[in-house]
Amino acid sequence: MFRLSIASPSSLKIPPKTTATLPKSSFNGIRLPSPYKASFRTPSSSIVMMAKREEELKEIRARTTEELNEEIIDLKGELLMLRLQKSVRNEFKSSEFGRMRKRIARMLTVKREREIEEGIGKRLSRKLDRQWKKSIVVRPPPSLKKLQEEEAAAEAAEKS
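Residues numbered from 1 in each chain as written. Predicted model: local features only at pLDDT ≥ 70, side-chain atom pairs only at ≥ 80, totals over all residues. Heavy atoms only, no water.

**Section: the overall build of the protein chain**
- Within the protein chain one finds 5 helices and 0 strands.
- Scored against the burial criterion, the 160 residues of the protein chain give a buried share of 18%.
- In the protein chain, of all internal contacts separated by at least 6 residues, the share reaching a separation of at least 24 is 68%.
- Carbon and sulfur atoms provide 57% of the accessible area of the protein chain, an area that totals close to 14,300 Å². (Helix = DSSP H or I, 4+ residues; strand = E, 2+ residues; numbered from the N terminus. Buried < 20%, exposed > 50% of the residue type's maximum accessible area, 1.4 Å probe, protein only. Contact = heavy atoms within 4.5 Å. Areas by Shrake-Rupley, 256 points an atom, 1.4 Å probe, with all protein chains shown as cover.)

**Some points on the packing of helix H2 (residues 65–87) against helix H5 (residues 142–159)**
- Packing of H2 against H5 leaves a shortest axis separation of 8 Å and a crossing angle of 65 degrees. It follows that H2 is roughly perpendicular to H5 by the angle criterion. Residues Asp74, Glu78 and Met81 of H2 form the contact with H5, whose participating residues are Pro142, Ser143 and Leu144.
- Grouping the amino acids of the contact of H2 with H5 by side-chain chemistry returns 3 nonpolar, 1 polar and 2 charged. (Axes fitted to C-alpha atoms, helices over the stretch in contact; angles between N-to-C directions. Parallel < 35°, antiparallel > 145°, perpendicular 65-115°, else oblique. Nonpolar A, V, L, I, M, F, W, Y, C, P; charged D, E, K, R; others polar.)

**Concerning unusual backbone geometry**
- The phi dihedral of arginine 89 falls on the positive side, at around 65 degrees, and the residue is not glycine.
- Taking relative accessible area as the criterion, arginine 89 reaches 76% and is therefore assigned exposed.

**Remarks on the side chain of asparagine 69**
- Topologically, asparagine 69 is positioned in helix H2.
- Taking relative accessible area as the criterion, asparagine 69 reaches 11% and is therefore assigned buried.

**Description of H2**
- With 23 residues, H2 ought to run about 33 Å at 1.5 Å a step, and its terminal C-alpha atoms sit 33 Å apart, in line with that.
- For H2, the complete set of buried residues consists of Leu68, Asn69, Ile72, Ile73, Leu75, Gly77, Glu78, Leu79, Met81 and Leu82.
- Immediately beyond the C-terminal end of H2, within one or two residues, lies arginine 89, with a positive phi of roughly 65 degrees. (Expected span 1.5 Å × (residues − 1).)

**Overview of the packing of H2 against helix H3 (residues 95–118)**
- Remark: H2 packs on H3, axes separated minimally by 10 Å, with the N-to-C direction vectors making an angle of 155 degrees. Here H2 is positioned roughly antiparallel relative to H3, judged by the angle of their axes. Judged by the sense of rotation from one axis to the other, the crossing of H2 with H3 is left-handed. Across the interface between the two elements, Thr65, Leu68, Asn69, Glu71, Ile72, Leu75, Lys76, Glu78, Leu79, Leu82, Arg83 and Lys86 of H2 pack against Glu96, Phe97, Met100, Arg101, Arg103, Ile104, Met107, Leu108, Val110, Lys111 and Arg114 of H3.
- Among the residues making up the contact of H2 with H3, the classes are represented as 11 nonpolar, 2 polar and 10 charged. (Left-handed = near helix turned anticlockwise from the far one by under 90°.)

**Here's the deal with a negative patch on the surface**
- Together, Glu149, Glu150, Glu151, Glu155 and Glu158 line one region of the surface with negative charge.
- Position of glutamate 155 relative to the elements: it lies in helix H5.
- Taking the relative accessible area as the measure of exposure, glutamate 155 reaches 48% and is therefore partly exposed. (Patch = residues over 30% accessible without salt bridge, like charges linked within 9 Å, V, L, I, M, F, W, Y side chains within 5 Å. Salt bridge = Lys/Arg side-chain N within 4 Å of Asp/Glu carboxyl O. Lys, Arg positive; Asp, Glu negative; His and termini not counted. Charge placed at Lys NZ, Arg CZ, Asp CG, Glu CD.)

**Regarding the environment of isoleucine 120**
- Relative to the assigned elements, isoleucine 120 resides in the loop between H3 and helix H4 (122–135).
- Excluding residues that lie within four positions of it along the chain, isoleucine 120 makes contacts with Arg112, Glu115, Ser125 and Leu128.

**Overview of the side chain of lysine 111**
- Position of lysine 111 relative to the elements: it lies in helix H3.
- There is a polar contact of 3.1 Å between the side chain of lysine 111 and the side chain of asparagine 69.
- Other than its neighbours up to four places away in sequence, lysine 111 contacts Thr65, Leu68, Asn69, Asp129 and Trp132. (Polar contact = N/O pair within 3.5 Å; in protein donor to acceptor, adjacent residues only side chain to side chain.)

If you want it as structure tokens, here you go:
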């Protein structure tokens, strides 16, 4: 796969440095070509992704803080359901983990931006966050409710 021959320092010829634009480094070794091809995103795909994110942020910022809190609770419940599906080895999309975590993080960021605008410091913010977490009433996530409704409908159809 790779061929690497080690030469003694006396037999190794190092060309004189002629370019001044290269950053100075203490490394004077040899670069080996990588067997892997570098894959780069096309600029248009990253622009589309940025536009989607911007739209999502506008949508999140349009909501009230109470709506954000409810959505955060629902998403955390969905995240728990995904973890349960993973532990039971059910089929699920692994990309959902990152997508949900990022969505929760965006919502929490908007929530914190609003606190900063109101002049709430970091210490008080954490205290309020702890109080909010203690006040959360546990409820099943929307996906579980939907699944229960589908099962109830299937049972009702089976009986009739």
